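Coordinate inspection notes
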Amino acid sequence: MSDPIRIGGFFATFDTEAVIRQLTAIRMRQVDLLDQKAAQVQRRKDAIGSVQSAMNALLAKVKALTAAQSVSGMTATVSGSGVTASALPGAQPGSFTVNVSQLATATRLQGTPISAGIDATKPMNRSNFGTVPTNGTFTIATAMGGSQTFTVGPAAAQASVALQSANIDMAVTSGTFTVGTTGGGTATITVDVTTQSLNDVVTAINSAGVGLTASIVADANGRLNRLQLVSTNGDVVLGGTGDSSNFLSAMRLLGSTPGTTRTGDAFTQHMTLNDVIADINASSIGVTASISNDSWGRPNLVTVTSTQGAISFGSGSDTSNFLAATGLLTSAAGTTRTSSGPIARLGVSAKLADAGLQGGAPAAGDHELFINGVSIAYNAATDSLLDIVARINASGAGVTARYDSLTDTIRLQNKATGNLMLTVEDDTYGGNLAAKLGLTTGTVTAGQNAVYSIDGGPAQESASNGVSYGGTSLTLTETTSSPVTVTVSHDTSAGANAIKAFVTEFNNVMKAIDAATKADGSRTNNQSGPLSGDMSLRQLKSDLRSLITSPGTGLTGGYTTLSQIGLTFGAVGSAIGTTNTLQFDEAKFAEAVRTNQAGVQELLSRLSLSATLEPGGTGSITGISGTYAGLEPGRWEITDDGAGNLTATFTPANGGPPTTATATVVANGTNSNLIPGITLQIGPTLQAGTHTITVGATAESVLQRLKRFAETQAGVGGTLDKRKATFDRVSNDISERIATLEKRIEAEMEQLRRKFAAMEQAQARAQGILSSLQQMARQLGGSNGQN
């Protein structure tokens, strides 16, 4: 703080902002009080919200119990096997026997084998093998001729035929390529695949005069299928910027190790089956191999015959799967061994035109095949077998389709059991896929009906294995050697669980009300609820208890109060009213369900409504008839414009949102569409006016009444919603008052700041005047001293 300033004997020493802060704090006490009041209002609203949430949870359980079959469940048990059972609500209790002599099956169609045979002249990875033989070794032995290891891999090069016809894996293109040595320069070699052979190109390289020697050398299996370049004049040079032939790539040379010798990997195609058979036949162990036809006339089996005793296949050191891929490994032992099954399989993922189907590709273009009269579209150029199978399964043909790789056939089966037809045909404009898939000449196995009997009675048939008897659903799973007993009884567990859930939520509502309205007379650490003493909530609690203990109206099933089925406000064995929570006697409930299930259901769910046309209507309606088919009590207000146009608005008694319907009527006519289940009679003259139809309950269960009450209290726009809205209005009012006070306080403090600033300016001027006067006094004093 600054030193005191003397102004005519007055010292000004106060801090103006400190004064303003203190004054603000004093004024803000009113705001603090309002904040406290707002917090109290929010606590009260939250308490109402807790009660409403608990009521809504209770309402959900009440709605479950008021469903038409909430406690009408039945259970079925089966002694024995061959039948499973489930009892529907309303099923007849008791026992009966079931005997199953035949199960229902579906009609099936198995096509003929569809894959083309093995093309032994093509590389084995392109010759329709189901399992492609892998590179490596395999072993064959005979009892007296010894054993020999054979190799599978790239074939020997066809070096003397034109390049375009040779068995080179990557097709060679015509053009030029560059080779050379670092010491002898480079040469451009010209390739014409139509006239030159590999030997011709080798000769051209050797004659280039750059110090290179080209030759075809053997791979690890001893087959001549690798091109080697050897330099006598420095490292080998491969390729040039002007090359137009892919010869060096096709020979696998570009990836070889640099140096004076460059050797490419094997450049030939996979061996053919004929190549392997030739190797076997050239062996010295006394065996002869050949290709034979399967039972469908396809070249599809490999046969090995021995003149030196029994044949053995395979060794632990084998690295190729050839013997397994050809079915020889699993063939019958002996001196002659033939593939255990056809070895060719089409490519299920390949386009049908290239899949390797028996007899060639299907007809080109867009076509259809028909299964059970349903069209399956296809195009052999764009669809695979897997596509066709998926399309059949997704169609409405009512069948399941699959390709059986073991039998090489397409199998179709009706989805529905019973003796139903299964038809397959091609289109009439050249399509032939059904024939290609062997479906037009396949074997059909007709489905059959299930045959069973009940309680030893006459045999009955069913197209499916699902049958019904006395409200019990039966599933026949296998034929039976002796009757199976099915026992149907009342299912009390589901209903009991639903009532337990209801009791829990009811008591939760009571707890929420008790917590909100709790009264605590303590002066210190008071634990009163935010709505302590609130009469409306206490009345809500009283109303809920009264609804639970009051009887239903118009009930004729034998029960009228919940206490008759085990629901009371007294603990089991104690006097009614000695506890504050709802109690459930499960044993009493189970006995009630067992002896009178329909009566228990009526006590929980019955609601019968009737409609009454109130007198005094001024419109065209003269009377009503029929049985009201709506779901809620309430009131219909009907407006008649006098021109035959009626507008009806229904307001539910539970406070739910209104609904509106319209209709057109004529004089002396009737209308049965405007009010559910009610027929309106129209008078001889149409006239404008209004009518009221009241819908009330003629019979109402205890829980239906509780449901309507809970909806009125906790539903949208209900009593509790309205109370929360009231608290919102109070809270908003407090917020506005706080905002007004804060603005007023801020304006007052700003005014003080301006006044303090004016005082400081006046003080500064006074100090200036005082300083001037003091200076003049000193000057006057000096003048007097000189005189």
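About the cut-offs
- Each chain carries its own residue numbering, running from 1 in the written order of its sequence.
- Local features in this predicted model are restricted to residues of pLDDT 70 or higher, and side-chain atom pairs are both shown and tallied only at a pLDDT of 80 or more, whereas totals for entire chains, interfaces and linings draw on every residue.
- Remark: hydrogens and water are excluded; side-chain values derive from all non-hydrogen atoms of the structure.
- Pairing between strands is defined by DSSP: at least two bridges between them are needed.
- A helix here means a DSSP run of H or I that spans at least four residues, while a strand means a run of E at least two residues long, and both kinds are numbered starting from the N terminus.
- All axes here are fitted lines through C-alpha atoms, helices being fitted over the stretch that makes contact, and every angle between N-to-C directions spans 0 to 180 degrees.
- Only heavy atoms enter the contact rule, under which two residues are in contact if any of them lie within 4.5 Å.
- To form a nonpolar core, buried Ala, Val, Leu, Ile, Met, Phe, Trp, Tyr and Cys residues must be joined to one another through side-chain atoms within 4.5 Å.
- Per-residue accessibility, obtained with a 1.4 Å probe over protein chains only, is compared with the maximum for each type, and a residue is labelled buried under 20%, exposed over 50%, and partly exposed between these values.
- What pLDDT expresses is the predictor's confidence in each residue, scored from 0 to 100.
- Criterion for a salt bridge: a side-chain nitrogen of Lys or Arg within 4 Å of a carboxyl oxygen of Asp or Glu.

1. Some remarks on the sheet that holds strand 23 (residues 424-426)
Reading across the sheet, the 3 strands line up as 20-19-23 and stay open at both edges, with antiparallel pairing between neighbours. Of all the strands in the sheet, just strand 20 (374-379) and strand 23 have a single pairing partner and so form its edges. Strand-to-strand twist in this sheet, taken as the mean axis angle between neighbours without regard to direction, amounts to 25°. As defined by bridge partners, strand 19 (residues 366-371) adjoins strand 23 across 3 bridges and the pair is classed as antiparallel. Bridge assignment links phenylalanine 370 to a residue of strand 23, and that residue is glutamate 425. The strands touched by helix 7 (residues 385-394) are strand 19 and strand 20; relative to strand 20, the strand with the most contacts, the crossing angle is about 160°.

2. Overview of the nonpolar core
Ranked by internal contacts, the top residues of the largest apolar core, which has 60 residues, are Met55, Phe502, Leu544 and Ile565. Ranked by residues supplied to this core, first place goes to helix 2 (residues 29-65) with 13 residues. Setting aside residues no more than four positions away along its own chain, leucine 544 makes contact with Met55, Phe506, Val509, Met510, Ile513, Leu706 and Phe709.

3. A short note on the confidence of the model for the protein
Scored by pLDDT, the protein comes out at a mean of 91, with 96% of its residues at no less than 70. Every residue in residues 1-11 is under pLDDT 50, and counting partners more than four places away or in other chains gives 14 contacts.

4. Structural notes on the pattern of salt bridges
The final tally for this structure, using the stated rule, is 21 salt bridges. The shortest N-O distance in the salt bridge between aspartate 408 and arginine 298 comes to 2.9 Å. Taken together, the positions of aspartate 408 in the loop between strand 21 (399-404) and strand 22 (409-414) and arginine 298 in the loop between strand 15 (287-293) and strand 16 (299-306) put the pair 110 residues apart, joining distant regions of the chain. With respect to class, aspartate 408 is no different from arginine 298; both count as buried. In this structure, arginine 723 engages aspartate 534 in a salt bridge whose closest nitrogen and oxygen atoms are separated by 2.8 Å. With a gap of 189 residues between them, arginine 723 in helix 13 (residues 719-786) and aspartate 534 in the loop between helix 9 (492-517) and helix 10 (535-549) connect regions that are remote in the sequence. Linked by salt bridges that have partners in common, Arg126, Asp169 and Arg252 make up one network.

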